Amino acid sequence: QVQLVESGGGSVQAGGSLRLACAPSRNFIITYSMAWFRQAPGKEREGVAAISSDGRITYADAVKGRFTISKGSAKNTLDLQMNSLSPEDTAVYYCAAVVGDTGRPLAPYEYHLWGQGTQVTVSS
């Protein structure tokens, strides 16, 4: 049974950087579209960045120019480089995947496989 596992979360000061990673517990034979989402206390889960099975990338406006999503060195792994972090970025960050492409890459309902989340806290 495949699960996604996030790592790399932690606490940083404003202006700092973190790099998140997502890896499946088992190798995927089928290539998936994958994405990062985040959820802050009292807020709905929102899409952060997505990369389709053929490499097409989508970013939320709030992170454009600061975050970079990329495929990891291992098959079906996913990274998120986060620079110039601010307190508004504080949230639990989730990795998600779905087979094939999505009509709305940053919509949570498009994804069926999720990680447990990793906490990112940015202090001012």
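Quantities reported herein were computed from a predicted structural model and do not represent experimental measurements.

1. Considering the overall build of the chain
- From N to C terminus, the chain includes zero helices and 11 strands.
- Taken from N to C terminus, the helices and strands of the chain fall in the order β-β-β-β-β-β-β-β-β-β-β.
- In summary, the chain has a C-alpha radius of gyration of 13 Å against a globular reference of 14 Å for 124 residues, a match within 12%.
- Burial statistics for the chain: of 124 residues in total, 44% are counted as buried.
- The long-range fraction of contacts in the chain, counting pairs at least 24 apart against all pairs at least 6 apart in sequence, stands at 61%.
- For the chain, the computed accessible surface area is about 6,300 Å², with 48% contributed by carbon and sulfur atoms.
- Of the charged side chains in the chain, 11 are positive and 10 negative; the average position of the first set lies 4 Å away from that of the second.

2. So, the side chain of Arg-66
- Summarising the element assignment, Arg-66 is placed in the loop between β6 (57-59) and β7 (67-71).
- If near-sequence neighbours (up to four positions away) are discounted, Arg-66 is found in contact with Gln-81, Met-82, Asn-83, Ser-84, Leu-85, Ser-86 and Asp-89.

3. Some remarks on the nonpolar core
- The biggest cluster of nonpolar side chains holds 27 residues, and the ones touching the most others in it are Trp-36, Leu-80, Met-82 and Tyr-93.
- Secondary structure elements with two or more residues in this core: β3 (18-24), β4 (32-39), β5 (46-51), β7, β8 (78-82), β9 (91-99) and β11 (118-123).
- Counting residues per element, this core draws most heavily on β9, which supplies four residues.

4. Some thoughts on the pairing of β9
- For β9, a buried count of seven out of nine residues is recorded, marking the element as mostly surrounded by other parts of the structure.
- Inspection of the sheet shows β4 paired to β9 by eight bridges, in the antiparallel sense. When the sheet's bridge partners are listed, Ala-35 is paired in β9 with Ala-96.
- The pairing of β9 with β11 spans three bridges and is antiparallel. Across the sheet, Tyr-93 pairs through a bridge with Thr-118, a residue of β11.
- Of the strand pairs in this sheet, β9 and strand β10 (residues 113-114) are connected by two bridges, and their pairing is antiparallel. The partner of Ala-97 across the bridge, within β10, is Leu-113.

5. Brief notes about the environment of Gln-3
- As for its placement among the helices and strands, Gln-3 is situated in the segment before β1 (4-7).
- Each C-alpha atom, one on Gln-3 and one on Arg-26, is 7.3 Å from the other, the two residues being 23 residues apart in sequence.
- Those residues in contact with Gln-3 that lie beyond four places of it in its chain are Ala-23, Pro-24 and Ser-25.

6. Topic: the pairing of β5
- Most of β5 sits out of view: five of its six residues are buried.
- Judged from the five bridges that link them, β4 and β5 form a sheet pairing that is antiparallel. Bridge assignment links Ala-35 to a residue of β5, and that residue is Ala-50.
- Connecting β4 to the next strand, β5, in antiparallel fashion are six residues, including Gly-42 with a positive phi near 80 degrees.
- Across three bridges, the pairing between β5 and β6 is antiparallel. The residue of β6 that forms the bridge with Ala-49 is Tyr-59.
- Connecting β5 to the next strand, β6, in antiparallel fashion are five residues, including Gly-55 with a positive phi near 95 degrees.

Analysis parameters
Residues numbered from 1 in each chain as written. Predicted model: local features only at pLDDT ≥ 70, side-chain atom pairs only at ≥ 80, totals over all residues. Heavy atoms only, no water. Helix = DSSP H or I, 4+ residues; strand = E, 2+ residues; numbered from the N terminus. Rg over C-alpha atoms; globule rule 2.2 N^0.38 Å. Buried < 20%, exposed > 50% of the residue type's maximum accessible area, 1.4 Å probe, protein only. Contact = heavy atoms within 4.5 Å. Areas by Shrake-Rupley, 256 points an atom, 1.4 Å probe, with all protein chains shown as cover. Lys, Arg positive; Asp, Glu negative; His and termini not counted. Charge placed at Lys NZ, Arg CZ, Asp CG, Glu CD. Core = buried A, V, L, I, M, F, W, Y, C linked by side-chain atoms within 4.5 Å. Pairing = 2+ DSSP bridges.

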